[in-house]
Amino acid sequence: MPGSTDQTLRPFCWRAARMFADREIVSRTHAGIERYDYATYDNRTAQLANALEKAGIERGDRVATVCWNHHRHFETYFGVPGTGAQLHTINPLLPDEHLQYIVANADDRLLFVDPSLAEKLAGAASDDPGSFESVERFVVMGEADSVPDVDLDPLTDYESFVGEHSTDYDWPRLPGEQPAGMCYTSGTTGKPKGVEYTQEMLWAHAMATMTPQGLDIDADDVVMPVVPMFHVNAWGMPFTTTAAGAKHVYPGPSPDPADLADLIEEEEVTLTAGVPTVWIGLLEHIEEEEVDLSSLERIVIGGSAAPESMIRRFDDLGVEVMHAWGMTEMSPIGSVSHLKPEMEDWDAERRYEKRAKQGLMVPGLEFNVIDDAGEKVPWDGEEFGELWIRGPWVTTEYYERPEANEEDFEDGWLKTGDIVTIDSDGYMEIVDRTKDVIKSGGEWISSVELENALMAHNDVAEATVIGVPHERWQERPVAFVVPGANADRENLGEEVLDMIEAEYPKWWRPDDVVYIDEVPKTATGKFDKKVLREEYDDESIVEGEAPEEAAPGTD
Ligand code: ADP
């Protein structure tokens, strides 16, 4: 017999607002620190739901956000899906061309944007107005005086948009399969691919990741997601934190390490989460400044591998690192590297070796590791293959992308593109990636797009781009160029870099251009990046030229 209701998000908020009514939601904004409680939050989501209804948003419509981590963005997390509409969180760090594609592909009807991101959005919209045709209204996340002078029409401010509405809203009973969220992944070649999250996917993800074998969130936690809310719902933490009735802390637009340290100290954060680049910054900061981290118990590090040295460093500070792995396609959390109880007695070396792996799958997921011959590999920690995974919060398709579906899914399994080993204790370790992409500071750079841009230059005969390891950004792009016969070798490197910078975000600019005589090829004539990767698997060729100001992971 089925349960009396489906698995949906609304009961999390309902419960928190009643059972933890005075727990706080704290937000760093341009205007300073703002705070209110769950009871107020619940009322404001109801006002938002009424405002959406008045604006003609109906069940199944998409409502987009282009926002940093703050309380208003959090209001859309329950306010939008609670009405039956679908919350589409957009990554503002993407190239304009991707933004245009994403808005048009998702058919967004209403778009919330931060004041500091409005200009970028307006640029993308005016460049290709057709791609924004579906958007009937833009809402700036702030008060009336925060509305910037940009070409987005019609443009309202959030407080006026929601302010006049009732705090009573008759939340509909929704089916579990109702689409509730959406996020695009640029994790492979070609156009970004949309992943839809249903109510029950987000519910199941929250329930599983709330457990001690997931992210271990409880009502006494103070949770600060630094991972952006446009990155797979900040790894689901706004939902999980609400389900647990814990306090939320949102670090606002582009927080720097000092901002994070202040928030940890002043709000007594117990649990935070983000990509390794963020924590490199925080660790440097606390070496220079006196910071009281005594409230901080745990950090979730994911998106890229957490270096073992970082896990050790945080241990020294009394902070436990939970190394997590996930994907946009998985809502996103798959595994967390917790030690099993019997391992607590192991010597330190063995324990760190385990904790630096991507870890044990969260309860509810199933997986296989498949080698080139299509066979399952043994769990010996040595043999590797591609990780295939399935579960209640793993998608089975991309939105309107049949060709990608054919490639990335089989019999209900998601083929992750991650090459892994599983050891005899069941711990997964990523050893390689089949996806032809570079992950810098937690954000993707498409090597194929850069290659196409390079090869469009008249004096470039051939070019390829690989990611090389980098201490701060985990990976940075380096271009390998075969100059044409008449190329001015002296200036070609700078010229192609300038060309890329004009077309793509600054942080996509390769850190170096290396001239080569030819791009190594496989037997079938494809670029063989493995050869170059092996040759240039050396941080020394990238000497910190990565852009400083665009700290993608921290933004
Ligand atoms: P997210 O950045 O939220 O994890 P993406 O879909 O953008 O989600 O990226 C997923 C990919 O990132 C994975 O398939 C894997 O290649 C890489 N990744 C994620 N977490 C880790 C990790 N802990 N260690 C190594 N790689 C990781």
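The structure displayed is predicted, hence computed values, not measured ones. (Residues numbered from 1 in each chain as written. Predicted model: local features only at pLDDT ≥ 70, side-chain atom pairs only at ≥ 80, totals over all residues. Heavy atoms only, no water.)

### Looking at the environment of E462
And then number 1: With respect to the helices and strands, E462 occurs in strand β24 (residues 460-470).
And then number 2: The residues touching E462, leaving out its near neighbours within four places in the chain, are M455, F480, V481, V482, E518, V519, K521 and F527.
And then number 3: At a separation of 3.4 Å, a polar atom in the side chain of E462 contacts the main-chain amide nitrogen of V519.
And then number 4: Here K521 takes part through its side chain, which lies 3.0 Å from a polar atom of the side chain of E462. (Helix = DSSP H or I, 4+ residues; strand = E, 2+ residues; numbered from the N terminus. Contact = heavy atoms within 4.5 Å. Polar contact = N/O pair within 3.5 Å; in protein donor to acceptor, adjacent residues only side chain to side chain.)

### A word on the sheet that holds strand β12 (residues 271-274)
And then number 1: Taking strand neighbours across the sheet as the criterion, the nine strands line up as β2-β1-β11-β10-β12-β13-β14-β15-β16 in an open arrangement whose pairing is mixed. Whereas interior strands pair on both sides, the edge strands pair on one side only; in this sheet they are β2 (32-37) and β16 (360-361).
And then number 2: Sheet topology note: the strand β13 (residues 298-301)/strand β14 (residues 320-326) ladder contains four bridges and is parallel. From the neighbouring strand, R298 faces β14, where its bridge partner is E320. (Pairing = 2+ DSSP bridges.)

### Points about the pairing of strand β5 (residues 110-113)
And then number 1: Here β5 shows two buried faces, one formed by L110 and F112 and the other by L111 and V113.
And then number 2: A crossover connection joins β5 to the parallel strand β6 (residues 137-140) through helix α5 (residues 118-127); in handedness this β-α-β unit is right-handed. (Buried < 20%, exposed > 50% of the residue type's maximum accessible area, 1.4 Å probe, protein only. Right-handed = clockwise from strand over helix to strand, strands pointing away.)

### Details of the layout of surface pockets
If you roll a probe as big as a water molecule over the atoms, it shows you where there is empty space left.
And then number 1: Its volume calculated, the second largest pocket comes out at about 250 Å³.
And then number 2: Surrounding the second largest pocket, I280, L283, E284, E287, P307, S309, M310, R313, E471 and R472 form its lining.
And then number 3: Every element with two or more residues in the lining of the second largest pocket is listed here: α11 (276-288) and α12 (308-316).
And then number 4: With four residues, the top contributor of residues to the lining of the second largest pocket is α11.
And then number 5: Taken together, the residues of the lining of the second largest pocket sort by class into four nonpolar, one polar and five charged. (1 Å grid on protein atoms, 1.4 Å probe; cavity = no way out; pocket = protein on both sides within 12 Å on 5 of 7 lines; lining within 4 Å. Points joined across faces, edges and corners; volume = space filled by probe spheres on them. Nonpolar A, V, L, I, M, F, W, Y, C, P; charged D, E, K, R; others polar.)

### Observations regarding the packing of aromatic side chains
And then number 1: Within this structure, the stated rule accounts for 15 aromatic pairs.
And then number 2: Aromatic pair Y41 and F78: ring centres 6.3 Å apart, planes at 90°, arrangement edge-to-face. Here Y41 is found in helix α2 (residues 38-54), whereas its partner F78 is found in helix α3 (residues 71-82), with 37 residues between them in sequence.
And then number 3: The class of F78 is buried, set by a relative accessible area of 4%.
And then number 4: The interplanar angle of 80° and the centroid separation of 6.2 Å between the aromatic rings of F74 and F78 together place this pair among those described as edge-to-face. Here F74 and its partner F78 are both found in helix α3, four residues apart, which amounts to about one turn of the helix. Across the pair, F78 and F74 agree in class, each one buried.
And then number 5: An aromatic cluster is present here, built from Y41, F74, Y77, F78, F239 and Y250 joined pairwise through their rings.
And then number 6: Positioned above the aromatic ring of Y399, the side-chain terminus of R62 is 4.4 Å from the ring centre. (Phe/Tyr/Trp six-rings, centres within 6.5 Å; stacked < 30°, edge-to-face > 60°. Lys NZ or Arg CZ within 6 Å of the ring centre and 35° of its normal.)

### Some points on the domain arrangement of the chain
And then number 1: Looking at the chain, the domain boundaries give domain 1 (20-336), domain 2 (362-433) and domain 3 (438-550).
And then number 2: Summarising the inter-unit geometry, the C-alpha centres of domain 1 and domain 3 are found 32 Å apart.
And then number 3: Tallying the contact residues gives 19 residues for domain 1 and 15 residues for domain 3.
And then number 4: Both faces combined, the contact of domain 1 with domain 3 buries some 1,400 Å², and carbon together with sulfur accounts for 52% of it.
And then number 5: Per-residue buried area on domain 1 facing domain 3 is highest for L93, P95 and T277; these three make up 31% of the total on that side.
And then number 6: At the boundary of domain 1 with domain 3, the tally comes to one salt bridge.
And then number 7: E284 is the partner of R472 in a salt bridge, and the nearest nitrogen-oxygen pair spans 2.5 Å.
And then number 8: Taken together, the links from domain 1 to domain 3 amount to seven residue pairs in polar contact (both at pLDDT 80 or more).
And then number 9: Examining the composition of the side of domain 1 that touches domain 3, we find that five residues originate from one element, α11, more than from any other.
And then number 10: Taken together, the residues of the side of domain 1 that touches domain 3 break down into seven nonpolar, eleven polar and one charged. (Domains from an automatic or database assignment. Buried area = accessible area lost by both parts, 1.4 Å probe. Salt bridge = Lys/Arg side-chain N within 4 Å of Asp/Glu carboxyl O.)

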